[in-house]
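# Examination of the molecular architecture
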Amino acid sequence: MTSRNIGIMRYNPEQDKKPHTESYQVEADDNTSVLDALQQVQQQDPSLSFRWSCRMAICGSCGVMVNSVPKLGCQTFLRDYPDSLVISPLSNFAVEKDLIVDMEPFLEHLSAIKPWLINSEQSTVPHVQTPQQLARYQQFANCINCGLCYSACPQFGLNPEFRGPAALALAHRYNLDSRDLGKAERMPQLNAKDGVWTCTFVGFCSEVCPKKVDPAAAINQGKVESAKDMILSVFKSSGVR
Amino acid sequence: MSNSGQQPTRSDEPIWWALFSAGGVCFAVVIPGAILAVGVLYPLGLIPGEMLGFERIRHLLFESFLGFAGFIFVGVAICLPLFHAFHRIRHGLHDLQWAHGWAAKSACYCSATLLSVIALGLWVAAH
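These remarks concern the structure in this document. (Residues numbered from 1 in each chain as written. Chains lettered and ligands numbered in written order. Predicted model: local features only at pLDDT ≥ 70, side-chain atom pairs only at ≥ 80, totals over all residues.)

## Details of helix α6 (residues 165-175) of chain A
All names here are of chain A. Within α6, 11 of the 11 residues are buried, which leaves the element mostly enclosed by the surrounding structure. Where α6 is concerned, the buried positions are Pro165, Ala166, Ala167, Leu168, Ala169, Leu170, Ala171, His172, Arg173, Tyr174 and Asn175. Residues of α6 that are buried in the fold lie against α2 (104-112), α3 (131-137), α4 (148-152), α7 (183-191), α8 (204-208) and α9 (215-237). (Buried ≥ 20, exposed ≤ 12 C-beta atoms within 10 Å, placed from the backbone. Helix = DSSP H or I, 4+ residues; strand = E, 2+ residues; numbered from the N terminus. Contact = placed C-beta atoms within 7 Å.)

Shown next as structure tokens:
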């Protein structure tokens, strides 16, 4: 164990005018994660606020910026930052206190695209699926809703009305699911200005995704679907079926 | 957040995105091919001079493909890349927060349309 210095962005809305960085000493070895370090600091200063739960990259709670890059605290290690390390709250979200951000805008975008199986068919037999049908959407089903992709997305930073990477990737995931019949309900959200078309394929969302969901690919496949939907709508409105 | 029950209106972006995509392919395939032939191989003497001679090029541009080869070449080497470039400029202006919305969009695509009409017009005039 060696002692080292880390910086943490602190902000208490009741006392501070704006966020500021404070430095702390932590004991670290090769196995010390950013989340471990934050918990050590909390022992020194119980007023430090941050979210965490599972410690194994499943819950998606401990998202923070590590040297200005969105990361899961539990999956990021101090050994990879030998020079300096500054932990700050996720970008593009309003800070509530210290490292805690308001995730409400993200959750609203998520619910808007109806990320659940839509199938009113009443049946007592299970909806079976072949491995090929599963493979179509499986990669996009690994999202843990951590919000790192929203912090990485410059378009979400410029326009918070943009549905954003995780929501659009999940819309694509359910649209690709052979058991789902809800594509027609989801397409208007994808077709909108704040749907897939705000994305300019920067691709940083896919780079920071801790579960390798590749939301940038999902959104750009969504653009093809939306373009097809537009062409079909022209035929439908002109009476051709 | 706009999460009301009302359906959002459809974006016209697929049209511009389709032109952008087509222009991207032309930028990647046709223009390097043209530069290679005219700008590299010909000056280096690797293709015979008569291949790019006046009579042959005139025949290629105005007589082959039912007389429309030149029209198609101007389309894929100038018009579609123009839409590709102006699409990037429009989104670049938005990213830099210099200009966005209806005015920037109109200025960009009107410029692409105008320059395309001039390019195709020159071909028609020379025909």
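After presenting the structure, the write-up continues.
## So, the pairing of strand β4 (residues 69-72) of chain A
Residues and elements named next belong to chain A. The pairing of strand β3 (residues 63-66) with β4 spans 4 bridges and is antiparallel. Paired with Val66 across the strands is Val69, a residue of β4. Here β3 folds back onto β4 in antiparallel fashion, the turn holding 2 residues, of which Asn67 has a positive phi close to 50°. (Pairing = 2+ DSSP bridges.)

## Thoughts on the packing of α2(A) against α6(A)
All names here are of chain A. Orientation of α2 relative to α6, taken along the N-to-C sense of each, is 15°, at an axis distance of 8 Å. Classified by the angle their axes make, α2 and α6 are roughly parallel. Regarding α2 and α6, the two cross each other, and that crossing is right-handed. Contacts between α2 and α6 involve His109, Leu110 and Ala112 from the former and Ala166, Ala167 and Leu170 from the latter. (Axes fitted to C-alpha atoms, helices over the stretch in contact; angles between N-to-C directions. Parallel < 35°, antiparallel > 145°, perpendicular 65-115°, else oblique. Left-handed = near helix turned anticlockwise from the far one by under 90°.)

## Examining α7(A)
Along α7(A), the positions that sit buried rather than exposed are Arg186(A), Met187(A), Gln189(A), Leu190(A) and Asn191(A). Each element contacted by the buried residues of α7(A) is listed here: α2, α6 and α9 of chain A.

## Some thoughts on the pairing of strand β1 (residues 2-10) of chain A
Residues and elements named next belong to chain A. The sheet contact formed by β1 and strand β2 (residues 20-28) spans 9 bridges and is antiparallel. Residue pairing in the sheet places Thr2 in a bridge with Ala28 of β2. Bridge count between β1 and strand β5 (residues 86-88): 2 bridges; the pairing is parallel. When the bridges of β5 are listed, Ile8 appears paired with Ile87.

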